[in-house]
Amino acid sequence: MNDFRQAYRRGGYSAPAGTMDASVDQGLRKYMLGVYNYMALAVGLTGVVAFFVSQTPALMQALFSGPQAFVVMFAPLAFILVLSFGINRLSAAMTQVLFWAFAGVMGLSLSTIFLAYAGADITRVFFITSAMFAGLSLWGYTTKRDLTGMGSFLFMGLIGLIIASIVNIFLASSALEFAISCVGVLVFAGLTAYDTQKIKENYYVAQQSPEMMKKVSVMGALSLYLDFVNLFLMLLRLLSSRE
(Lines give C-alpha, C1' and ligand atoms only; values in the text may rest on other atoms or scores of the structure.)
Protein backbone atom coordinates (compact mmCIF):
# COMPACT_ATOMS: atom_id res chain seq x y z
CA MET A 1 0.00 0.00 0.00
CA ASN A 2 1.27 3.46 -0.85
CA ASP A 3 2.32 5.69 2.00
CA PHE A 4 -0.98 7.20 3.11
CA ARG A 5 0.44 10.33 4.61
CA GLN A 6 2.39 11.28 1.50
CA ALA A 7 -0.55 10.44 -0.73
CA TYR A 8 -2.96 12.55 1.28
CA ARG A 9 -0.73 15.57 1.64
CA ARG A 10 0.63 15.58 -1.86
CA GLY A 11 -2.77 15.86 -3.52
CA GLY A 12 -2.80 16.61 -7.22
CA TYR A 13 -4.39 13.30 -8.13
CA SER A 14 -6.23 13.05 -11.38
CA ALA A 15 -8.60 10.42 -12.59
CA PRO A 16 -7.10 7.60 -14.62
CA ALA A 17 -7.98 7.73 -18.29
CA GLY A 18 -11.52 6.61 -18.95
CA THR A 19 -12.65 6.64 -15.32
CA MET A 20 -14.83 9.73 -15.39
CA ASP A 21 -18.00 7.81 -16.15
CA ALA A 22 -21.34 7.95 -14.35
CA SER A 23 -20.37 5.31 -11.79
CA VAL A 24 -17.21 7.18 -10.79
CA ASP A 25 -19.12 10.44 -10.62
CA GLN A 26 -21.68 8.87 -8.31
CA GLY A 27 -18.90 7.40 -6.20
CA LEU A 28 -17.23 10.80 -5.93
CA ARG A 29 -20.47 12.44 -4.85
CA LYS A 30 -21.05 9.79 -2.22
CA TYR A 31 -17.49 10.20 -0.96
CA MET A 32 -17.74 14.01 -0.77
CA LEU A 33 -21.12 13.77 0.96
CA GLY A 34 -19.53 11.49 3.53
CA VAL A 35 -16.74 14.01 4.14
CA TYR A 36 -19.23 16.87 4.58
CA ASN A 37 -21.37 14.77 6.91
CA TYR A 38 -18.38 13.97 9.11
CA MET A 39 -17.41 17.61 9.17
CA ALA A 40 -20.93 18.91 9.91
CA LEU A 41 -21.51 16.39 12.70
CA ALA A 42 -18.15 17.27 14.24
CA VAL A 43 -19.00 20.99 14.19
CA GLY A 44 -22.35 20.17 15.78
CA LEU A 45 -20.70 18.07 18.50
CA THR A 46 -18.22 20.85 19.24
CA GLY A 47 -21.03 23.41 19.51
CA VAL A 48 -23.13 21.25 21.84
CA VAL A 49 -20.19 20.50 24.14
CA ALA A 50 -19.07 24.15 24.17
CA PHE A 51 -22.55 25.42 25.03
CA PHE A 52 -23.16 22.78 27.72
CA VAL A 53 -19.83 23.45 29.43
CA SER A 54 -20.32 27.23 29.26
CA GLN A 55 -23.69 26.86 31.02
CA THR A 56 -22.19 24.76 33.82
CA PRO A 57 -20.21 27.03 36.18
CA ALA A 58 -18.73 24.11 38.10
CA LEU A 59 -17.24 22.67 34.91
CA MET A 60 -15.92 26.04 33.80
CA GLN A 61 -14.29 26.48 37.19
CA ALA A 62 -12.75 23.01 37.07
CA LEU A 63 -11.44 23.42 33.52
CA PHE A 64 -10.16 26.99 33.47
CA SER A 65 -9.30 28.01 37.03
CA GLY A 66 -5.77 26.60 37.14
CA PRO A 67 -2.89 25.14 35.15
CA GLN A 68 -5.29 22.59 33.65
CA ALA A 69 -6.58 25.42 31.46
CA PHE A 70 -3.46 25.07 29.32
CA VAL A 71 -4.14 21.34 28.96
CA VAL A 72 -7.67 22.10 27.74
CA MET A 73 -6.38 24.74 25.33
CA PHE A 74 -3.66 22.59 23.75
CA ALA A 75 -5.30 19.16 23.92
CA PRO A 76 -6.91 19.57 20.45
CA LEU A 77 -3.44 20.09 18.97
CA ALA A 78 -2.33 16.74 20.42
CA PHE A 79 -5.21 14.99 18.63
CA ILE A 80 -4.32 16.69 15.34
CA LEU A 81 -0.70 15.59 15.63
CA VAL A 82 -1.66 12.00 16.43
CA LEU A 83 -4.05 11.85 13.48
CA SER A 84 -1.64 13.51 11.07
CA PHE A 85 1.53 11.61 11.92
CA GLY A 86 0.03 8.31 13.06
CA ILE A 87 -2.51 7.82 10.30
CA ASN A 88 -0.52 5.02 8.65
CA ARG A 89 -0.58 2.97 11.82
CA LEU A 90 -4.16 3.74 12.83
CA SER A 91 -7.11 1.62 11.79
CA ALA A 92 -10.09 3.30 10.16
CA ALA A 93 -12.15 2.69 13.31
CA MET A 94 -9.53 4.26 15.59
CA THR A 95 -9.19 7.21 13.21
CA GLN A 96 -12.91 7.87 13.58
CA VAL A 97 -12.77 7.52 17.37
CA LEU A 98 -9.93 10.04 17.59
CA PHE A 99 -11.77 12.41 15.24
CA TRP A 100 -14.91 12.45 17.40
CA ALA A 101 -12.83 12.77 20.56
CA PHE A 102 -11.02 15.72 18.98
CA ALA A 103 -14.34 17.42 18.17
CA GLY A 104 -15.48 16.96 21.77
CA VAL A 105 -12.23 18.32 23.22
CA MET A 106 -12.48 21.29 20.87
CA GLY A 107 -15.87 21.96 22.43
CA LEU A 108 -14.22 22.18 25.84
CA SER A 109 -11.60 24.56 24.50
CA LEU A 110 -14.13 26.80 22.73
CA SER A 111 -16.63 26.98 25.59
CA THR A 112 -15.19 30.33 26.67
CA ILE A 113 -16.57 32.08 23.58
CA PHE A 114 -20.05 31.90 25.12
CA LEU A 115 -18.71 34.01 27.99
CA ALA A 116 -16.79 36.44 25.79
CA TYR A 117 -19.49 37.11 23.16
CA ALA A 118 -23.25 37.54 23.15
CA GLY A 119 -25.27 34.52 22.06
CA ALA A 120 -26.94 36.53 19.30
CA ASP A 121 -23.55 37.50 17.88
CA ILE A 122 -22.33 33.91 17.94
CA THR A 123 -25.46 32.72 16.13
CA ARG A 124 -25.26 35.50 13.53
CA VAL A 125 -21.58 34.90 12.77
CA PHE A 126 -22.14 31.15 12.63
CA PHE A 127 -24.67 31.56 9.82
CA ILE A 128 -22.43 34.04 8.02
CA THR A 129 -19.55 31.57 8.28
CA SER A 130 -21.76 28.73 7.05
CA ALA A 131 -22.79 30.71 3.97
CA MET A 132 -19.20 31.72 3.19
CA PHE A 133 -17.91 28.19 3.74
CA ALA A 134 -20.56 26.66 1.49
CA GLY A 135 -19.79 29.07 -1.34
CA LEU A 136 -16.02 28.70 -1.07
CA SER A 137 -16.16 24.92 -0.81
CA LEU A 138 -18.50 24.72 -3.79
CA TRP A 139 -16.07 26.82 -5.80
CA GLY A 140 -13.17 24.61 -4.77
CA TYR A 141 -15.15 21.56 -5.82
CA THR A 142 -16.26 22.85 -9.22
CA THR A 143 -13.38 25.03 -10.39
CA LYS A 144 -11.14 23.75 -13.18
CA ARG A 145 -8.27 25.90 -11.93
CA ASP A 146 -5.42 24.09 -10.19
CA LEU A 147 -5.18 25.56 -6.67
CA THR A 148 -1.93 23.81 -5.73
CA GLY A 149 0.14 26.99 -6.04
CA MET A 150 -2.34 28.90 -3.92
CA GLY A 151 -2.01 26.24 -1.23
CA SER A 152 1.70 26.95 -0.77
CA PHE A 153 1.03 30.67 -0.43
CA LEU A 154 -1.80 30.06 2.07
CA PHE A 155 0.41 27.78 4.15
CA MET A 156 2.99 30.57 4.48
CA GLY A 157 0.18 32.91 5.50
CA LEU A 158 -0.95 30.41 8.13
CA ILE A 159 2.56 30.23 9.60
CA GLY A 160 2.61 34.02 9.72
CA LEU A 161 -0.73 34.06 11.55
CA ILE A 162 0.53 31.61 14.16
CA ILE A 163 3.67 33.66 14.79
CA ALA A 164 1.73 36.93 14.98
CA SER A 165 -0.81 35.38 17.37
CA ILE A 166 1.97 34.18 19.69
CA VAL A 167 3.58 37.63 19.64
CA ASN A 168 0.25 39.28 20.41
CA ILE A 169 -0.16 37.17 23.54
CA PHE A 170 2.61 39.32 25.01
CA LEU A 171 1.78 42.59 23.27
CA ALA A 172 -2.01 42.43 23.73
CA SER A 173 -2.36 44.87 20.83
CA SER A 174 -5.93 45.44 19.61
CA ALA A 175 -4.60 46.75 16.29
CA LEU A 176 -2.53 43.60 15.74
CA GLU A 177 -5.48 41.42 16.74
CA PHE A 178 -7.62 43.22 14.15
CA ALA A 179 -4.96 42.69 11.48
CA ILE A 180 -4.62 39.01 12.41
CA SER A 181 -8.38 38.56 12.12
CA CYS A 182 -8.53 40.25 8.70
CA VAL A 183 -5.67 38.21 7.29
CA GLY A 184 -7.06 35.10 8.97
CA VAL A 185 -10.38 35.43 7.16
CA LEU A 186 -8.56 35.58 3.83
CA VAL A 187 -6.26 32.66 4.66
CA PHE A 188 -8.98 30.30 5.88
CA ALA A 189 -11.33 31.32 3.09
CA GLY A 190 -8.63 30.32 0.61
CA LEU A 191 -7.84 27.12 2.50
CA THR A 192 -11.50 26.11 2.36
CA ALA A 193 -11.44 26.12 -1.44
CA TYR A 194 -7.95 24.58 -1.62
CA ASP A 195 -8.71 21.76 0.82
CA THR A 196 -11.98 20.96 -0.93
CA GLN A 197 -10.19 20.52 -4.24
CA LYS A 198 -7.49 18.39 -2.59
CA ILE A 199 -10.11 16.19 -0.90
CA LYS A 200 -11.88 15.73 -4.23
CA GLU A 201 -8.63 14.72 -5.94
CA ASN A 202 -7.75 12.31 -3.14
CA TYR A 203 -10.88 10.34 -3.93
CA TYR A 204 -8.90 8.46 -6.57
CA VAL A 205 -6.22 7.27 -4.15
CA ALA A 206 -8.93 6.42 -1.62
CA GLN A 207 -10.43 3.93 -4.06
CA GLN A 208 -7.59 1.53 -3.29
CA SER A 209 -9.54 -0.02 -0.41
CA PRO A 210 -12.57 0.59 1.86
CA GLU A 211 -10.16 1.07 4.77
CA MET A 212 -8.31 3.76 2.86
CA MET A 213 -11.59 5.42 1.87
CA LYS A 214 -12.66 5.76 5.50
CA LYS A 215 -9.32 7.22 6.53
CA VAL A 216 -9.22 9.73 3.69
CA SER A 217 -12.82 10.76 4.42
CA VAL A 218 -12.06 11.42 8.08
CA MET A 219 -8.85 13.34 7.34
CA GLY A 220 -10.67 15.38 4.70
CA ALA A 221 -13.39 16.19 7.21
CA LEU A 222 -10.72 17.23 9.72
CA SER A 223 -9.23 19.69 7.22
CA LEU A 224 -12.60 21.26 6.44
CA TYR A 225 -13.55 21.31 10.12
CA LEU A 226 -10.41 23.28 10.97
CA ASP A 227 -11.05 25.68 8.10
CA PHE A 228 -14.64 26.27 9.24
CA VAL A 229 -13.87 26.73 12.94
CA ASN A 230 -10.96 29.08 12.32
CA LEU A 231 -12.94 31.10 9.78
CA PHE A 232 -15.76 31.35 12.33
CA LEU A 233 -13.41 32.54 15.08
CA MET A 234 -11.78 35.16 12.85
CA LEU A 235 -15.15 36.52 11.74
CA LEU A 236 -16.41 36.50 15.33
CA ARG A 237 -13.53 38.75 16.36
CA LEU A 238 -14.21 41.11 13.46
CA LEU A 239 -17.99 41.28 13.56
CA SER A 240 -18.75 41.07 17.28
CA SER A 241 -17.83 42.97 20.41
CA ARG A 242 -16.62 41.27 23.55
CA GLU A 243 -18.92 41.33 26.55
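In what follows, the structure referred to is the one given above.
Residues numbered from 1 in each chain as written. Predicted model: local features only at pLDDT ≥ 70, side-chain atom pairs only at ≥ 80, totals over all residues. Heavy atoms only, no water.

### Re the overall build of the protein chain
For step 1, the next point in the chain: Along the protein chain, the regular secondary structure elements total eleven helices and zero strands.
For step 2, the next point in the chain: Secondary structure elements of the protein chain occur, N-terminal to C-terminal, as α-α-α-α-α-α-α-α-α-α-α.
For step 3, the next point in the chain: Here the protein chain holds 243 residues, and the buried ones make up 44% of them.
For step 4, the next point in the chain: Pairs at least 24 apart in sequence give 85% of the contacts found in the protein chain among residues at least 6 apart.
For step 5, the next point in the chain: Accessible surface, the protein chain as shown: approximately 12,600 Å² in total, 70% of it carbon and sulfur. (Helix = DSSP H or I, 4+ residues; strand = E, 2+ residues; numbered from the N terminus. Buried < 20%, exposed > 50% of the residue type's maximum accessible area, 1.4 Å probe, protein only. Contact = heavy atoms within 4.5 Å. Areas by Shrake-Rupley, 256 points an atom, 1.4 Å probe, with all protein chains shown as cover.)

### Focus on the side chain of Gln197
For step 1, the next point in the chain: Within the secondary structure, Gln197 sits in helix α9 (residues 174-201).
For step 2, the next point in the chain: A distance of 2.7 Å separates a polar atom in the side chain of Gln197 from the backbone oxygen of Arg145.
For step 3, the next point in the chain: A distance of 2.9 Å separates a polar atom in the side chain of Gln197 from the backbone nitrogen of Leu147.
For step 4, the next point in the chain: What Gln197 contacts, discounting residues up to four positions off in sequence, is Gly140, Thr143, Arg145, Asp146, Leu147 and Thr148. (Polar contact = N/O pair within 3.5 Å; in protein donor to acceptor, adjacent residues only side chain to side chain.)

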